[in-house]
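One letter stands for each residue in the lines below.
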Amino acid sequence: MVSIAAANFARFGKREEDIFSIASESALPLLDKFRDSIDFVVVSNSYSGEFNDISGLNNLLTTHLGMDSVPSLRVDNTSGSGGSAVLVAKSLVASGEAQNVLVIGAEKMTGYPTKRSTRIIASLLPPEERRGGPSLPSLAAFMTRSYIREFSPTRESIARVAVKNHHNGSLNPYAHFQAEVTLEKVMTSKVIADPLRIFEYCPVSDGAVSLLVTSDDNAASFGSKAVRITGTGASSGVSSITSRESLVSIDSVKESAVKAFRSAGKTPGDMDIAELHDMASILEIVESEDVGFFRKGEGWKALESGETTIEGRLPINTSGGLNSKGHPIGASGVAQSAEIFLQLTGQAGKRQVKNASTGFSVSMAGFGNNSTSFVYEVA
Amino acid sequence: MEFFKCTKCSEEYVFRRAVCHKCGSEEFTGVDITQGTAIDSVHLIATPEPMPDDYSVVMFQTPNGARGFCRTVSEIKRGDRIRITVDEYGPVCEPE
C-alpha cells in the first residue's frame, strides 16, 4: 500500500519570487527530514514554458535543490497535472521503481495581463473551437446557464460556493484569499462571463506544495503520521466541449470517481471530507453530483442546507478550494492531496474537521478533458 | 466556417479528427457552415488574446446536429437562427 507521509505548502497568491524559490519553499522542509531517502522527484507543472520561459523544469529544480543525482520527471496535464503527478508517484512506489518520491507541484502565473493569461490557459481547447472565442470561464458560464435551466436552483444558491470557500480559505494560512465574502458581495461583483461573477472564479495564482509519497512500511519507519492512498481512478473525456452530450455533467469526473471508489472498496457515502476542482462555483456543485455525493440536480440543495461546510455532514473544499486557496495550475491537484493529508492527520489548524478518517479528491484537466480521483484513508 | 464531414457516414465535426468517432473512417471532406441555431450565448468580459475586448460567445448547432462556437456583438438568444461568417479572428454570427 502507498501512503503520503508528509506535506508542506508555500503560500498561494501573488508572489514576488521566481518559480524556483517558491518550489524550494515548499520542498526544503521535507528535504531537511527525508533528503537521503528520496530516490525520485516528480514535478507537477503545466505552464513554465509559457509563463516563465523555462523548459525542463524538473532537472533545473533538482539542481536548485541539490539533488542532481536523483531521477526526476515533469508531469504536464494542464489543470489536472497535480492529480496525474500523484498518480505517477503512487505508481512508481507501487511498482518498486522508487521507494520514496518527492512530488513538487509548482506554478508561477502572475505578472501578465489577464488577456494574455486567458489566452495561455485557453490553449488547451481544440484550435477550431478557440477560433470561436471561448475562454475557460465562458465554458463554466455555459454550464451554469444549462444547470439553471435544467434543475432550477436560484442564482444565489450557486454563488454560495464562493461564500463557503472564501470562509474556508480565511482559515487556511496558505490560501490566496484570506478574507470572507458575503453573498451580497459575490452577487454584486464584476461579471466575468454572464452569469458568473469574479468571486465565483479561481484567481490566477503562484504557489507550490510538496508531498512525500512512500510505502506504508517506510512511512512507519519515518515515524510519520501517514495517509494511505487506497483508491485511484483516471479517466478521459472528449476534449471538444461542443461534442459533449451534456453540459451539466462531466464524464471523466464520473468515471474516475467510480474507478477510485471501486479500487478502494468504498462508496461516496463512506467519505468524511472531499476536495473538488472548483475552478468556477458551478463546478463544485456539478462534481459533487458526478462523483456520487448527491443526486443529479441536488448538489446545490446540499450546499444551501450546510451539508458541505466544515461543520456539515460532508465538508467539501475545506482548504478553500481553487476558488479561494487559488489555482497555481501545476500545484492544485497536489494541494488537494496535501489538504486531505493535513485533515486526516489532524494538522489542519482552524479548518480541522473533527474525526475525519476518509477523504476523496478529484483533479480535473481542462474543462473535464480528463480527471484523476483518489480515495484516502488514515493509515 | 469550415466543419469536417466524414465521407462514409456523414457525421460532422467542428474539431478536425483523424478518425471518425462514429464509424471509424479516416476520410473527411470540408463543409462550409453558414447557418445554425443558437444553443446558448454567454457575454464574455475577460476575453483571450488576440480576440476583441467585449463580445458574446454563441454555442450553435448546424442543421445536421454538429455544434461549434462563434462570436457576436448582437443579442442572440437560445433558439435563435443565426448566420455565420468568418472575420480575421474566426467565425462570427448575426441573427438571421
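Data block above holds the structure.
So, here's what we can say about the structure. (Residues numbered from 1 in each chain as written. Chains lettered and ligands numbered in written order. Predicted model: local features only at pLDDT ≥ 70, side-chain atom pairs only at ≥ 80, totals over all residues. Heavy atoms only, no water.)

1. Let's talk about the overall build of chain B
Summing up its helical and strand segments, chain B has zero helices and eight strands in all. Here the C-alpha coordinates of chain B stretch approximately 40 × 30 × 20 Å along the principal axes. Relative to its full complement of 96 residues, chain B shows a buried share of 47%. Long-range contacts, defined here as pairs at least 24 residues apart, represent 32% of the contacts in chain B between residues at least 6 apart. When the accessible surface of chain B is totalled, it reaches about 4800 Å², and 44% of it is carbon and sulfur. (Helix = DSSP H or I, 4+ residues; strand = E, 2+ residues; numbered from the N terminus. Buried < 20%, exposed > 50% of the residue type's maximum accessible area, 1.4 Å probe, protein only. Contact = heavy atoms within 4.5 Å. Areas by Shrake-Rupley, 256 points an atom, 1.4 Å probe, with all protein chains shown as cover.)

2. As for the sheet that holds strand β9 (residues 273-275) of chain A
Residues and elements named next belong to chain A. On the basis of which strands lie adjacent, the open sheet formed by nine strands has the order β3-β2-β4-β7-β1-β8-β11-β10-β9 and mixed pairing. The two strands at the open ends of the sheet, each matched to only one other strand, are β3 (72-75) and β9. This sheet shows a mean twist of 20° between the axes of neighbouring strands, independent of strand direction. As paired elements, β9 and strand β10 (residues 358-365) share three bridges and run parallel to each other. Opposite A274, over in β10, you have F360 as the bridge partner. Contacts from helix α1 (residues 19-34) reach β1 (2-13), β4 (100-107) and β7 (206-215) within the one sheet, and its direction differs from that of β7 by about 30°. Running over the sheet, helix α15 (residues 329-344) touches β1, β2 (40-44), β4, β7, β8 (227-236), β9, β10 and β11 (370-378) and is turned about 120° from β1. (Pairing = 2+ DSSP bridges. Axes fitted to C-alpha atoms, helices over the stretch in contact; angles between N-to-C directions.)

3. Quick notes on the side chain of S288(A)
Locating S288(A) in the fold gives a position in helix α12 (residues 281-290). For S288(A), the contacting residues outside a window of four places in its chain are L276(A), F293(A), F294(A), G299(A) and I316(A).

4. What about the side chain of E129(A)?
By the secondary structure assignment, E129(A) is in helix α6 (residues 127-130). Buried and unpaired, E129(A) has R17(B) as its nearest opposite-charge partner, separated by 7.5 Å. A distance of 3.2 Å separates a polar side-chain atom of E129(A) from the backbone nitrogen of I241(A). Setting aside its immediate chain neighbours within four residues, E129(A) contacts P134(A), S239(A), S240(A), I241(A), T242(A), V14(B) and F69(B). (Lys, Arg positive; Asp, Glu negative; His and termini not counted. Salt bridge = Lys/Arg side-chain N within 4 Å of Asp/Glu carboxyl O. Polar contact = N/O pair within 3.5 Å; in protein donor to acceptor, adjacent residues only side chain to side chain.)

5. Thoughts on the pairing of β4(A)
All names here are of chain A. Taking burial as the measure, the eight residues of β4 include eight buried ones, the bulk of the element. Pairing of β2 with β4, which is carried by five bridges, proceeds in the parallel orientation. The residue bridging S44 from the neighbouring strand is G105, located in β4. Here β4 pairs with β7 via eight bridges, running antiparallel.

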